[in-house]
Amino acid sequence: MPRRLFRLFSALLFALALVATACGNDDDGPAAQVIEESAPEATSTQAAPSPTEAAAPEPAPTEAPPAPAPTQTALAPTEAAAPEPAPTEAPPDRPQRIVSLSPTATEILFAIGAGEQVVAVDEFSYYPPEAPVTDLSGWNPNVEAVLSYEPDLVVIANDANDLMAGLDAVGVEVLLSLAPADFEGGYASIAELGVAVGRIDEAAVLVADLRAEIDAALADAPDVPIRVYHELDNTYFSVSSNSFIGAVYAAMGAINIADEADADGYGYPQLTEEYIVEADPELIVITDLVGYTPEDVAARPGWGDVTAARNGNIVVVNSDIASRWGPRLPQFIAAVAEALQTVTASAS
């Protein structure tokens, strides 16, 4: 082919490639939309590059490929250009050695497919079973002990012992993942973790699945205002609607007796026996770690006239499932919905 014709043909191919790139589909898809709704700030800096940024420079005539067959005159954008990765693709610097000092974060990390990146978890992160449990403490962490695992990312639930400052001083990235106060905060924390570990699409899928499962579990709850007392321990610490556990009861239309005692909005007020008895809960929820039974609660002095104790509506729930925002939360919601149905049936 004459060199002049060869150059014209190459220029035509490149022009077609630019048009194809500029006209490409700009829809990020449902997964990206879920992440955008959950954590808009976390994804706002990852906008897709413009076609002019993504296209490769025009090659010199001597570097042009042989003329394609007639059926290949329209090249796909991915064949014609070298765009930067889309926001939903894993970043090349995805952390490879993650240490999690948060049982909630550990469950989420494995649920979004980042388990292979986790090299160590704290002593209470025993779910899922394959999590690499160590004697690391999330409540009383030691910087040197954490650094012995050579992490490139550490996920924590609280900044005890100036852990963040210690890790930052040696250039280790830290993500502080606090307990959410409600459902949307929980979804956002999952999205944030997904961004931090390069599992954006997987986090979006988990958020979508959790929304569907939680909505289904909430739909099974009776539409009747029932007085509920959730007991965390035998010193009568409870949960108000300002916590994500309390948000479950609020979403079911229950009346949380701890709400009036949570004047500062902390979410975990300490009640008194007199307060609880006077509030007369119709349902009492305890966990399997408190060390006592529903019968022990009903036998407390003065509790015999409490409606929940009188009708046998004191239920036990799994402590981990009831206290951690994450993939197993729908199980807690389902258990509470079933208990509320029992209360409704016994009152009718």
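Everything quoted here is computed from the prediction, not taken from an experiment. (Residues numbered from 1 in each chain as written. Predicted model: local features only at pLDDT ≥ 70, side-chain atom pairs only at ≥ 80, totals over all residues. Heavy atoms only, no water.)

1. Remarks on the pairing of strand S3 (residues 153–156)
So, point 1. Alternating residues of S3 divide into Leu153 and Val155 and Val154 and Ile156, and every residue in both groups is buried.
So, point 2. Of the strand pairs in this sheet, strand S1 (residues 98–100) and S3 are connected by three bridges, and their pairing is parallel. Looking across to S3, one finds that Ile98 is bridged to Leu153.
So, point 3. Here four bridges tie S3 to strand S4 (residues 173–176), and the two strands are oriented parallel to one another. By the bridge assignment, Val155 is partnered in S4 with Leu175. (Buried < 20%, exposed > 50% of the residue type's maximum accessible area, 1.4 Å probe, protein only. Helix = DSSP H or I, 4+ residues; strand = E, 2+ residues; numbered from the N terminus. Pairing = 2+ DSSP bridges.)

2. Describing the environment of Glu278
So, point 1. The topology assignment puts Glu278 in helix H12 (residues 273–279).
So, point 2. Placed 27 residues apart in sequence, Glu278 and Asp305 show a C-alpha to C-alpha distance of 9.9 Å.

3. As for the packing of helix H9 (residues 183–196) against helix H10 (residues 200–219)
So, point 1. In the contact formed by H9 and H10, the axes pass within 8 Å of each other and the chain directions differ by 160°. Regarding the angle of H9 to H10, the classification is roughly antiparallel. Seen along the crossing, H9 lies across H10 with a hand that is right-handed. In this structure, H9 uses Phe183, Glu184, Tyr187, Ile190, Ala191, Gly194 and Val195 to contact H10, whose residues at the interface are Ile200, Ala203, Leu206, Val207, Leu210, Arg211, Ile214 and Leu218.
So, point 2. Split by residue class, the contact of H9 with H10 holds 12 nonpolar, one polar and two charged. (Axes fitted to C-alpha atoms, helices over the stretch in contact; angles between N-to-C directions. Parallel < 35°, antiparallel > 145°, perpendicular 65-115°, else oblique. Left-handed = near helix turned anticlockwise from the far one by under 90°. Contact = heavy atoms within 4.5 Å. Nonpolar A, V, L, I, M, F, W, Y, C, P; charged D, E, K, R; others polar.)

4. Some points on the sheet that holds S1
So, point 1. As summarised here, the arrangement of the four strands in space is S2-S1-S3-S4, forming an open sheet in which the pairing is parallel. Two strands bound the open sheet, and with one partner strand each, they are strand S2 (118–121) and S4. Put simply, the sheet's adjacent strands are angled 20° from each other on average, direction ignored.
So, point 2. Across the sheet, helix H6 (residues 103–111) is in contact with S1, S2 and S3; its angle to S1 comes to roughly 140°.
So, point 3. Running at roughly 170° to S4, H9 makes contact with S3 and S4 of the sheet.

5. Structural notes on the nonpolar core
So, point 1. In terms of nonpolar packing, the biggest core is built from 49 residues, with Phe183, Tyr249, Met252, Trp325, Phe332 and Ile333 touching the most fellow members.
So, point 2. Counting residues per element, this core draws most heavily on helix H16 (residues 329–347), which supplies eight residues.
So, point 3. Those residues within four positions of Ile333 in sequence are excluded, and the remaining contacts are Phe183, Ile214, Ala217, Leu218, Val248 and Met252.
So, point 4. Ranked by size, the runner-up nonpolar core spans 16 residues in total, among them Ile257, Ala258, Val306 and Ile314. (Core = buried A, V, L, I, M, F, W, Y, C linked by side-chain atoms within 4.5 Å.)

6. Side note on helix H11 (residues 244–251)
So, point 1. The element H11 is extensively covered by neighbouring structure, given that six of its eight residues are classed as buried.
So, point 2. Every buried residue of H11 is listed here: Phe244, Ile245, Gly246, Ala247, Val248 and Tyr249.
So, point 3. Count one or two residues on from H11 and you reach Gly253, which has phi positive near 80°.

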